[in-house]
Amino acid sequence: MTETAASPPPATRSARTVARPATADERKAALAGLFDRSAPTYERVGVNHFADLGQRLIGHADVLPGDRILDIGCGTGAVLVPAARATGTTGSAVGVDLSAGMVARSRAALREAGLTHAHAVVADAETIDWDAQGGVHPPADGTLDVVCAGISLFFLPHPRQAVSRYRELLGPGGRLAVSWWGRPDPRWDPVFAASAPYGRGGSSHALPEDSPFRSVAALHAMLEEAGYASVETVEEPCVTRFRGPHQWWDWVWSTAGRMFWEGVPAESRERAEAAVNAELDRLRAPDGSLTSTSAVRFTVARAQRSPGSGAMR
Ligand SMILES: C[S@@+](CC[C@H](N)C(=O)[O-])C[C@H]1O[C@@H](n2cnc3c(N)ncnc32)[C@H](O)[C@@H]1O
């Protein structure tokens with residue numbers, strides 16, 4: 001069915017007057033709230049996006065039956081579910097997420113798939129330290145085979161400390177597998193340019209100046225400094241199709257993309273949406289659909305050295 005127009009966003013899509021978080025803890029609390037608000041619709045608007053990326057990440061991580069896996073920022077289970085399937089009942093898979101809403105979705109997805117050997121806990125992925133939840137304890141050092149992070153690691157305020165912690169948790173030959181964004185589809189630049197003047201600076205695309213996710217070289221350098229070896233990144237297309245603008249709006253509000261729109265002052269919302277809809281109209285295919293082809297990167301690194309020692313284990 002061809003869509004004719006983008007409908008006005010529902011009332012639940014409200015702008016929020018929130019102070020820009022200053023400290024790392026405030027940023028984490030803001031993200032937990034953001035993803036709690038996304039959780040009810042994340043991956044439920046009829047667009048196959050994160051599930052496909054999660055499946056691909058598990059393929060790149062080369063998960064084997066019996067592997068013990070930790071999934072960073074598990075969200076609704078896009079990585080955790082295929083990880084638990086790949087490791088099977090002889091292994092284990094634990095997902096951690098700051099958002100209780102997301103963890104509830106992951107737990108439901110695991111239950112529905114009958115994956116009783118996998119679990120999800122509400123915890124900070126930077127510390128991997130929590131009081132037992134449903135009998136699930138934090139992993140001990142040197143006990144993991146795979147740490148995976150699907151479209152999540154760049155949200156952490158201190159990714160350098162986090163990957164060092166994961167390296168301690170991994171046993172010899174253990175792998176860290178991370179998916180993260182490359183170049184967004186340049187055809188969509190005018191859409192984001194049209195909305196930019198209305199935002200208050202908060203965007204899920206914005207990376208700090210010193211972020212290791214600004215280039216492949218910077219990410220590899222960070223991982224090597226943290227004691228990983230054989231660091232490799234492959235870049236693949238991420239093609240996302242929308243029936244039309246309406247579905248695109250639903251999708252934006254179901255993802256971290258809602259961060260930008262929550263920051264648009266109520267009095268500017270209508271103008272901002274109109275500016276974006278005009279650009280979306282230019283992007284539509286003859287059948288009314290919209291397609292975005294961005295680049296997604298999969299980086300896999302092996303934990304072979306003790307950090308700082310230079311010694312091979
Ligand atoms: C874009 S979602 C990705 C979810 C899932 N991995 C996927 O591929 O669909 C990012 C997730 O990271 C979580 N997150 C962000 N910062 C976190 C932190 N410090 N600790 C744990 N989870 C975090 C968010 O709550 C959110 O669920």
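Not measured: the values here are computed from a predicted model.

Trainee: Before we move on, could you go through the overall build of the protein chain and cite the residues and values that matter?
Mentor: Within the protein chain one finds ten helices and seven strands. Looking at the protein chain as a whole, 51% of its 313 residues qualify as buried. Sequence-distant contacts in the protein chain: of pairs separated by 6 or more residues, those separated by 24 or more amount to 81%.

Trainee: How would you explain the site of the ligand if you had to name every residue and give the values?
Mentor: In the vicinity of the ligand lie 19 residues, with Tyr-42, Gly-73, Asp-97, Ala-125 and Gly-150 positioned nearest. At 3.2 Å from a nitrogen atom of the ligand is found a main-chain nitrogen or oxygen belonging to Leu-98. Measuring from a nitrogen atom of the ligand, one finds a backbone N or O atom of Gly-150 at 2.9 Å. Coverage of the ligand by the protein chains reaches 98% of its 600 Å² of free accessible surface. When the residues that make up the shell around the ligand are grouped by side-chain class, the tally is twelve nonpolar, five polar and two charged.

Trainee: Describe the confidence of the model for the protein chain, and please don't skip the residues or the numbers.
Mentor: For the protein chain, the mean per-residue pLDDT works out to 91, and 89% of the residues sit at or above 70. Within the model, pLDDT remains below 50 along residues 1–9, and this stretch shows 17 contacts once partners closer than five positions in the same chain are excluded. Long-range and interchain partners of residues 307–313, a stretch whose pLDDT sits below 50, account for 15 contacts in this model, where long-range means more than four residues apart.

Trainee: Go over helix H3 (residues 80–87), please, and point to the residues and values.
Mentor: Among the eight residues of H3, six are classified as buried, and the element is accordingly described as predominantly covered. Along H3, the residues classified as buried are Leu-80, Val-81, Pro-82, Ala-83, Ala-84 and Thr-87. Where the residues of H3 are buried, they touch helix H2 (50–61), strand E1 (68–72), strand E2 (92–97), helix H4 (100–112) and strand E3 (118–122). Gly-88 sits one or two positions beyond H3 and adopts a positive phi of about 70°.

Trainee: A description of the packing of aromatic side chains should follow, citing residues and the corresponding values.
Mentor: Scanning the entire structure with this criterion turns up eleven aromatic pairs. Summarising the aromatic geometry, the rings of Phe-154 and Phe-213 are spaced 5.9 Å apart at their centres and angled 75° between planes, so their arrangement reads as edge-to-face. A residue pair is termed long-range when its members are at least 10 positions apart, and Phe-154 in the loop between strand E4 (144–150) and helix H5 (159–169) and Phe-213 in the loop between helix H6 (189–195) and helix H7 (216–225) qualify at 59 residues. Of the two residues examined, Phe-154 and Phe-213, each falls in the buried class. A centroid spacing of 5.1 Å and a plane angle of 70° characterise the contact between Trp-248 and Trp-249, whose relative ring orientation is edge-to-face.

Trainee: How would you summarise the sheet that holds strand E7 (residues 290–303) if you had to cite specific residues and measurements?
Mentor: Taken in spatial order, the seven strands make up an open sheet running E3-E2-E1-E4-E5-E7-E6, and their pairing is mixed. Across the chains shown, the open sheet's two edge strands, defined by having one partner strand only, are E3 and strand E6 (228–242). Strand after strand, the sheet turns through a mean of 15° between neighbouring axes, direction not considered. Direction of pairing for E6 relative to E7: antiparallel, over a ladder of 13 bridges. Note that in E7 the partner of Arg-241 across the bridge is Thr-291. In this fold H3 packs onto E1, E2 and E3, with an angle of close to 165° to the strand it touches most, E2.

Trainee: Any chance you could break down the packing of helix H8 (residues 245–254) against helix H10 (residues 266–283) for me, citing the residues and the numbers?
Mentor: The contact between H8 and H10 brings their axes to 11 Å, and the two run at 125°. Viewed along their axes, H8 and H10 adopt a mutual orientation that is oblique. Classified by chirality, the crossing of H10 by H8 is right-handed. Taking contact as the criterion, the partners of Pro-245, Trp-248, Trp-249 and Trp-253 in H8 are, on H10, Arg-269, Glu-273, Val-276, Asn-277 and Leu-280. Among the residues making up the contact of H8 with H10, the classes are represented as six nonpolar, one polar and two charged.

Trainee: Got a sec to walk through the environment of Leu-170? Specific residues and values, please.
Mentor: Looking at where Leu-170 falls in the secondary structure, it is placed in strand E5 (residues 170–181). Separated by 30 residues in the primary sequence, Leu-170 and Ala-140 have C-alpha atoms spaced 9.1 Å apart.

Trainee: Report on the pattern of salt bridges, specifying residues and quantitative values.
Mentor: Under the definition given, this model contains 17 salt bridges. Where Arg-282 meets Glu-279, a salt bridge forms, and the shortest distance between an N and an O atom there is 2.7 Å. Pair noted here: Arg-282 and Glu-279 are both in helix H10, with a separation of three residues, about one helical turn. Since its relative accessible area comes to 61%, Arg-282 is described here as exposed. Salt bridges linked by common partners bring Lys-28, Asp-124 and Glu-126 together as one network.

Trainee: Mind laying out the environment of Arg-200, listing which residues take part and the relevant values?
Mentor: Tracing the sequence through the fold places Arg-200 in the loop between H6 and H7. A sequence separation of 62 residues divides Arg-200 from Glu-262, and the C-alpha atoms of the two residues are 9.3 Å apart.

Trainee: Which residues make up unusual backbone geometry, and what are the values?
Mentor: Glycine aside, negative phi is the norm for most residues, and most peptide bonds take the trans geometry. In this structure, Asp-62 is a non-glycine residue whose phi angle is positive, near 55°. Along the polypeptide, Asp-62 turns up in the loop between H2 and E1. Even without being glycine, Ser-230 reaches a positive phi, approximately 50°. Within the element layout of this structure, Ser-230 appears in strand E6.

What counts and how
Residues numbered from 1 in each chain as written. Predicted model: local features only at pLDDT ≥ 70, side-chain atom pairs only at ≥ 80, totals over all residues. Heavy atoms only, no water. Helix = DSSP H or I, 4+ residues; strand = E, 2+ residues; numbered from the N terminus. Buried < 20%, exposed > 50% of the residue type's maximum accessible area, 1.4 Å probe, protein only. Contact = heavy atoms within 4.5 Å. Near = heavy atom within 4 Å. Polar contact = N/O pair within 3.5 Å; in protein donor to acceptor, adjacent residues only side chain to side chain. Areas by Shrake-Rupley, 256 points an atom, 1.4 Å probe, with all protein chains shown as cover. Nonpolar A, V, L, I, M, F, W, Y, C, P; charged D, E, K, R; others polar. pLDDT = per-residue confidence, 0-100. Phe/Tyr/Trp six-rings, centres within 6.5 Å; stacked < 30°, edge-to-face > 60°. Pairing = 2+ DSSP bridges. Axes fitted to C-alpha atoms, helices over the stretch in contact; angles between N-to-C directions. Parallel < 35°, antiparallel > 145°, perpendicular 65-115°, else oblique. Left-handed = near helix turned anticlockwise from the far one by under 90°. Salt bridge = Lys/Arg side-chain N within 4 Å of Asp/Glu carboxyl O.

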